[in-house]
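Working through the structure, step by step
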There are 4 protein chains.
Amino acid sequence: MNYKDIREEAYEANMQLPKLGLVLFTFGNVSAVDRNKGVFAIKPSGVPYEELSPEKMVIVDFDANTVEGNLRPSSDTKTHAVLYKHWDSIGGIVHTHSTYGTAWAQSLRAIPIYGTTHADHLTVDIPCAPPMEDSMIKGNYEYETGFQIMNHLKAENLSYKEVEMILVGNHAPFTWGKTAAKAVYNSAVLETCAQMALLTEQIEGKVARMKDSLIRKHWERKHGEGAYYGQ
Amino acid sequence: MNYKDIREEAYEANMQLPKLGLVLFTFGNVSAVDRNKGVFAIKPSGVPYEELSPEKMVIVDFDANTVEGNLRPSSDTKTHAVLYKHWDSIGGIVHTHSTYGTAWAQSLRAIPIYGTTHADHLTVDIPCAPPMEDSMIKGNYEYETGFQIMNHLKAENLSYKEVEMILVGNHAPFTWGKTAAKAVYNSAVLETCAQMALLTEQIEGKVARMKDSLIRKHWERKHGEGAYYGQ
Amino acid sequence: MNYKDIREEAYEANMQLPKLGLVLFTFGNVSAVDRNKGVFAIKPSGVPYEELSPEKMVIVDFDANTVEGNLRPSSDTKTHAVLYKHWDSIGGIVHTHSTYGTAWAQSLRAIPIYGTTHADHLTVDIPCAPPMEDSMIKGNYEYETGFQIMNHLKAENLSYKEVEMILVGNHAPFTWGKTAAKAVYNSAVLETCAQMALLTEQIEGKVARMKDSLIRKHWERKHGEGAYYGQ
Amino acid sequence: MNYKDIREEAYEANMQLPKLGLVLFTFGNVSAVDRNKGVFAIKPSGVPYEELSPEKMVIVDFDANTVEGNLRPSSDTKTHAVLYKHWDSIGGIVHTHSTYGTAWAQSLRAIPIYGTTHADHLTVDIPCAPPMEDSMIKGNYEYETGFQIMNHLKAENLSYKEVEMILVGNHAPFTWGKTAAKAVYNSAVLETCAQMALLTEQIEGKVARMKDSLIRKHWERKHGEGAYYGQ
């Protein structure tokens, strides 16, 4: 089996999505990259999770050409390809239609930072890119989705190295990370922050974002120079 | 065993309802049709899912007469019969009281199309037929339910071939498809769209429907001439 | 083992509560009656469900005296005893703190009849008895709870034979039925109607109750002279 | 194995958190104290629950110094240490980011006492300590969190012996109890009260707290001199 490592990494990460309650049917996909070979392994399109195996992952290059595999890759493959091509330090990408994250995407709102669960992972609202211009939609849609994501991060002055998640307006979440497993972790974090933020607004309609000192503290605990979370 | 194929198809599809969290107790039923023989297999009324078997499915013709089986068919059998009789390209029908779909039905509102999860499956709001006239309710109720569904689709200028799901006001969802399995799939899609739409309105009260170009794009990806979703 | 039948009936019914997601820890209890012997079997107080057995059920008479058993019966035993004493056609009683039912009880509102899921089981709102007078609370509390339930049904002109469920204000649901299993079934029906009614009001704030003709039709389908639901 | 008892007690209690649905990934921790030895056992930081064992628990003294163990203790260890040092009758502490409890913490609101589920466990709203001053956040954060909890209870005239749970504003719940198992129990009680209180306000926006006579009655049933709940 060629590309064994990324096939297995992508397979294992894909199988986490149903376990974490992040997908219905095949509404999600994960990929894992091999930077040396310039390719990534991605879920085949429309294949149920219970039928997946490492062998069925499709190997694709950064221009979204299939390098190895008999199955058609995920219909979102071009979005993955664009992000791998432009963001050279990411190792995995996840797309889901998770319930709460998708609801925020449909509402066209960024997810406000209301508490430490959120601040443990990023110091700003989870951004929401607006829906694309019609020309982009009618053109090379999934390819343009990648650019829409990158452009919105830039417009908001955000780095993909610090903000590893985004909503695409009227669509759903995308997340990424150093590994496919970390990108899946981020998808679950996004979903729980999305649910908590909605509940928070339901409890107190005029709630304010948390204050900056507390945001910084929680971020630094996990990601700063003197980080002391984990082993 | 006569009618083996549709017995097994209906059985397997019925058993998916509890697995997908779409039914409490016996509040749901699935049927599968054999067009050549002019009959369909449907769940027996009030029998718990764990006690079902292919042999227990009841075989019924398009006038709702039992053709084979000792058990009484689902109390909704006439609705199924009417739809099979008039819609000659469907292969399966599902009725559930799934939580979110039923809540929309009870609110008498169509489910607005807010995102791509919805547009991947239909290009319009999920329609909600109004409750029937009293004369229809007091008359041949389940038979008239079938006509209420057909008439509402017509009134809204919708084709059952494109819109494979509907809410019946103050009642609950009905879905259909080329096969019983596809009809079950549509029931789960309806339920997730119903939940996401409610959450979307809770996050942003004045949210607008998604724009047409994006609706078309997602529909075409899966159902258009150049569809590229799945294998 | 004496009272074997009701011990087993009560045990089996109690074990359904966690399976149906109706209890956290020991926040619920079921009893089953033997009319000939004038006693009922009820869950022992505070014993986790996983440690229950038919032998551990406590046998109590209609004045709430323990007839057999080393364990203390449920703290709600007097409420059960009062209802068995006055309602001679019921066979089982259930008390839970199920999430949605309890929320309606805490809101002091009856659960409006918005759809057929509700009308399949009763033709009126699920009643909510007001909290008791202070004198009743400070007196023989659980005993008075039984009277509060009976009195509220009377005040609303409802028969316990048709309406097999009630909320007690600021407290939680009670249900009953011909058997303990039917009472448990009613607890799950109450919980799903409670959830659907809340969601319905969230979708459409000004929603109206369903119309009487449809209520009657669904009730008659299951409970009328010409009932045709089930086997 | 040294400190066998508290290692096992802390391990068992930690393993209850995922079973009760109170944690995502490693977002929670439990400790158990040995008063004679002046140490407690606590979850190691960032280690997944499925990889835990009694041996991996870290033994820490009341000044938060590690006494035994190769792994780094939970990042919240200083909060636990402060509470054990000042509250000499508690045996276990739990911190989670449970969904509904955290949403109330993020809304900066105490959880109102709306029903008997709540009054069975405490007679007042579940308190919510405000976020700390910036100087406390930038200083010895987790240590100050312990003081913030103690000071808020004092300011509200509450005793840690009666109120075994609190929300920390913009953060999440902390609970404690005579044992680690009781503290975990309290975390689940807090979460269910948090969910029910939100739903109650959604059903009836102007709902009032329950009346004092009923609060007292339910508290006394379980905790008063003549308590008659349990065995």
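Basis of the calculations
- Residues numbered from 1 in each chain as written.
- Chains lettered and ligands numbered in written order.
- Predicted model: local features only at pLDDT ≥ 70, side-chain atom pairs only at ≥ 80, totals over all residues.
- Heavy atoms only, no water.
- Helix = DSSP H or I, 4+ residues; strand = E, 2+ residues; numbered from the N terminus.
- Rg over C-alpha atoms; globule rule 2.2 N^0.38 Å.
- Buried < 20%, exposed > 50% of the residue type's maximum accessible area, 1.4 Å probe, protein only.
- Contact = heavy atoms within 4.5 Å.
- Areas by Shrake-Rupley, 256 points an atom, 1.4 Å probe, with all protein chains shown as cover.
- Lys, Arg positive; Asp, Glu negative; His and termini not counted.
- Charge placed at Lys NZ, Arg CZ, Asp CG, Glu CD.
- Pairing = 2+ DSSP bridges.
- Least-squares fit on C-alpha atoms with pLDDT ≥ 70 in both.
- Core = buried A, V, L, I, M, F, W, Y, C linked by side-chain atoms within 4.5 Å.
- Salt bridge = Lys/Arg side-chain N within 4 Å of Asp/Glu carboxyl O.
- Phe/Tyr/Trp six-rings, centres within 6.5 Å; stacked < 30°, edge-to-face > 60°.
- Lys NZ or Arg CZ within 6 Å of the ring centre and 35° of its normal.
- Axes fitted to C-alpha atoms, helices over the stretch in contact; angles between N-to-C directions.
- Buried area = accessible area lost by both parts, 1.4 Å probe.
- Polar contact = N/O pair within 3.5 Å; in protein donor to acceptor, adjacent residues only side chain to side chain.

The next point concerns the overall build of chain A. Helix and strand counts for chain A come out as 8 helices and 8 strands. On C-alpha atoms alone, chain A measures out to a radius of gyration of 17 Å, which is about the 17 Å that the 2.2 N^0.38 rule sets for 231 residues. Its C-alpha atoms give chain A principal-axis dimensions of roughly 55 × 45 × 30 Å. By residue count, 63% of the 231 residues in chain A fall in the buried class. In chain A, once contacts between residues fewer than 6 apart in sequence are set aside, the share between residues at least 24 apart is 63%. Total accessible area computed for chain A in this model is approximately 8,600 Å², and 45% of it derives from carbon and sulfur atoms. Averaged over its 23 positive side-chain charges, chain A has a centre that lies 2 Å from the centre of its 28 negative ones.

Residue and element names in this part refer to chain B. On strand β7 (residues 165–168), burial covers both faces: Met165 and Leu167 on one face and Ile166 and Val168 on the other are all buried. As paired elements, strand β6 (residues 128–129) and β7 share 2 bridges and run parallel to each other. Note on β7: the bridge partner recorded for Ala129 is Val168. Count of turn residues in the β7/strand β8 (residues 173–177) antiparallel hairpin: 4 residues, of which Asn170 carries a positive phi of about 60 degrees.

For Asn170 of chain D, the location among the structural elements is in the loop between β7 (165–168) and β8 (173–177). Each C-alpha atom of the pair Asn170 of chain D and Arg109 of chain D lies 10.0 Å from the other, and the pair is 61 residues apart in sequence. Ignoring sequence-local partners within four residues, the contact set of Asn170 of chain D consists of Tyr114, Gly115, Thr116, Met210 and Leu214 of chain A together with Ala105, Gln106, Leu108 and Pro131 of chain D.

Our next topic: the relation of the copies chain A and chain D. Rotating chain A by 90 degrees about the axis while translating it 0.0 Å along that axis superimposes it on chain D, leaving an RMSD of 0.0 Å. On the angle and the small slide along the axis, the relation comes out as a four-fold axis. The rotation axis passes nearest to the C-alpha of Gln202 of chain A in chain A, at a distance of 5.8 Å. The overlap is low: 3% of the interface residues of chain A also sit at the interface in chain D, so different surfaces are used on the two sides.

Attention now goes to the side chain of Asn170 of chain B. Asn170 of chain B sits in the buried class, given a relative accessible area of 5%. Setting aside its immediate chain neighbours within four residues, Asn170 of chain B contacts Ala105, Gln106, Leu108 and Pro131 of chain B together with Tyr114, Gly115, Thr116, Met210 and Leu214 of chain C.

This paragraph deals with the relation of the copies chain C and chain B. Mapping chain C onto chain B calls for a screw motion: a turn of 90 degrees about the axis and a shift of 0.0 Å along it, with 0.0 Å RMSD after fitting. Interface overlap between copies: only 3% of the residues of chain C at the interface are likewise at the interface in chain B, consistent with a contact formed by different surfaces.

Let us look at the nonpolar core. Residue and element names in this part refer to chain D. Of all hydrophobic cores here, the largest spans 47 residues; its most connected members are Phe40, Trp87, Ile90, Trp104, Ile149, Leu153 and Trp176. For this core, the leading source of residues is helix α7 (residues 180–203), giving 7 residues. Sequence-distant contacts of Ile149, defined by excluding residues within four places in its chain, comprise Thr79, Leu83, Trp87, Ile166, Val168, Phe174 and Trp176.

On to the arrangement of the chains. Spatially, chain A is disjoint from chain C: no contact exists, and the shortest C-alpha separation is 12 Å. Without any contact between them, chain B and chain D keep their closest C-alpha atoms 12 Å apart.

What follows is about the pairing of strand β5 (residues 92–96) of chain C. Residues and elements named next belong to chain C. Counting buried positions over the 5 residues of β5 gives 5, a clear majority of the element. Every second residue of β5 is oriented toward a common face, with Gly92, Val94 and Thr96 on one face and Ile93 and His95 on the other, all of them buried. When strand β1 (residues 28–34) meets β5, the two strands line up antiparallel, connected through 5 bridges. Paired with Gly28 across the two strands is Thr96, which belongs to β5. Bridging between β5 and strand β8 (residues 173–177) involves 4 bridges; their strand directions are antiparallel.

Tallied over the entire structure, the rule returns 44 salt bridges over all chains. A salt bridge links Arg209 of chain C to Asp125 of chain C, with the shortest nitrogen-to-oxygen separation between them at 2.6 Å. Taken together, the residues span a long stretch of sequence, with Arg209 of chain C in the loop between α7 (180–203) and α8 (212–223) and Asp125 of chain C in the loop between α4 (116–119) and β6 (128–129) at a distance of 84 residues. We classify Arg209 of chain C as partly exposed; its relative accessible area is 47%. When salt bridges with common partners are traced through the structure, they connect Asp76 and Glu142 of chain A together with Arg221 of chain B into a single cluster.

This brings us to helix α2 (residues 77–86) of chain C. All names here are of chain C. Where burial is concerned, most of α2 is hidden: 7 out of the 10 residues are buried. Every buried residue of α2 is listed here: Thr77, Thr79, His80, Ala81, Val82, Leu83 and Tyr84. For α2, the secondary structure elements touched by its buried residues are β1, β2 (39–42), β3 (58–61), β5, α6 (141–155) and β8.

The subject of this paragraph is the packing of aromatic side chains. Remark: the centre distance and the inter-plane angle together describe each pair of aromatic rings, the angle taken between the planes. What the rule picks out here adds up to 36 aromatic pairs over all chains. Between Phe25 of chain A and Phe27 of chain A, the aromatic rings sit 6.1 Å apart at their centres with planes inclined by 70 degrees, giving edge-to-face as the arrangement. Judged by its relative accessible area of 28%, Phe25 of chain A is partly exposed. The class of Phe27 of chain A is buried, set by a relative accessible area of 9%. Ring centres 6.1 Å apart and planes at 20 degrees place the aromatic pair Phe62 of chain B and Tyr84 of chain B in the stacked group. Placement of Phe62 of chain B in the loop between β3 (58–61) and β4 (66–68) and of Tyr84 of chain B in helix α2 (residues 77–86) is noted, with a sequence separation of 22 residues between them. Using a relative accessible area of 18% as the deciding quantity, one classes Phe62 of chain B as buried. Taken together, Phe25 and Phe27 of chain A together with Tyr185 of chain B form an aromatic cluster joined through their ring pairs. Stacked on the ring of Tyr229 of chain A, the Lys or Arg Lys222 of chain A has its end atom at 4.3 Å from the ring centre. Against the face of Tyr49 of chain D rests Lys43 of chain D, its NZ or CZ located 5.1 Å from the ring centre.

Right, let's talk about the sheet that holds β8 of chain C for a bit. Residues and elements named next belong to chain C. The strand order across the open sheet formed by 8 strands is β4-β3-β2-β1-β5-β8-β7-β6, and the pairing between neighbours is mixed. Because the sheet does not close on itself, it has two edges, and the strands there are β4 (66–68) and β6. Strand direction decides the pairing type here: β1 and β2, joined by 4 bridges, are antiparallel. Bridging from a neighbouring strand, Asp34 pairs with Val39 of β2. Contacts between α7 and the sheet are confined to β1, β5, β7 (165–168) and β8, with β8 contributing the most and set at about 140 degrees to the helix.

It is worth spelling out the interface of chain C and chain B at this point. Tallying the contact residues gives 33 residues for chain C and 37 residues for chain B. Inspection of the region where chain C meets chain B yields 3 salt bridges. At the level of secondary structure, the elements contributing two or more residues to the side of chain C that touches chain B comprise α4, α7 and α8 of chain C.

The subject of this paragraph is the interface of chain A and chain D. For interface size, the figure often reported is the accessible area lost on association. The partner chain D presents 37 residues to the 33 residues of chain A that form the contact. Counting the surface lost from both chain A and chain D, the interface buries some 2,900 Å², and carbon and sulfur atoms represent 58% of this. When the area that chain A buries against chain D is broken down by residue, the three leading residues are Met196, Ile203 and Gln231 of chain A, summing to 22%. The tally of links from chain A across to chain D stands at 3 salt bridges. The tally of links between chain A and chain D comes to 20 residue pairs in polar contact (both at pLDDT 80 or more). Of all the secondary structure elements, the ones that give two or more residues to the side of chain A that touches chain D are α4 (116–119), α7 (180–203) and α8 (212–223) of chain A. Per element, the largest residue contribution to the side of chain A that touches chain D is 11 residues, and it comes from α7 of chain A.

Right, let's talk about the sheet that holds strand β1 (residues 28–34) of chain B for a bit. Neighbouring strands of a sheet are bound in pairs by backbone hydrogen bonds; such pairs are parallel or else antiparallel. All names here are of chain B. Across the sheet, which stays open at both edges, the 8 strands sit in the order β4-β3-β2-β1-β5-β8-β7-β6 with mixed pairing between neighbours. Looking at strand neighbours, the two that pair on one side only are β4 and β6, the edges of this open sheet. As paired elements, strand β2 (residues 39–42) and β3 share 4 bridges and run antiparallel to each other. The partner of Ala41 across the bridge, within β3, is Ile59.

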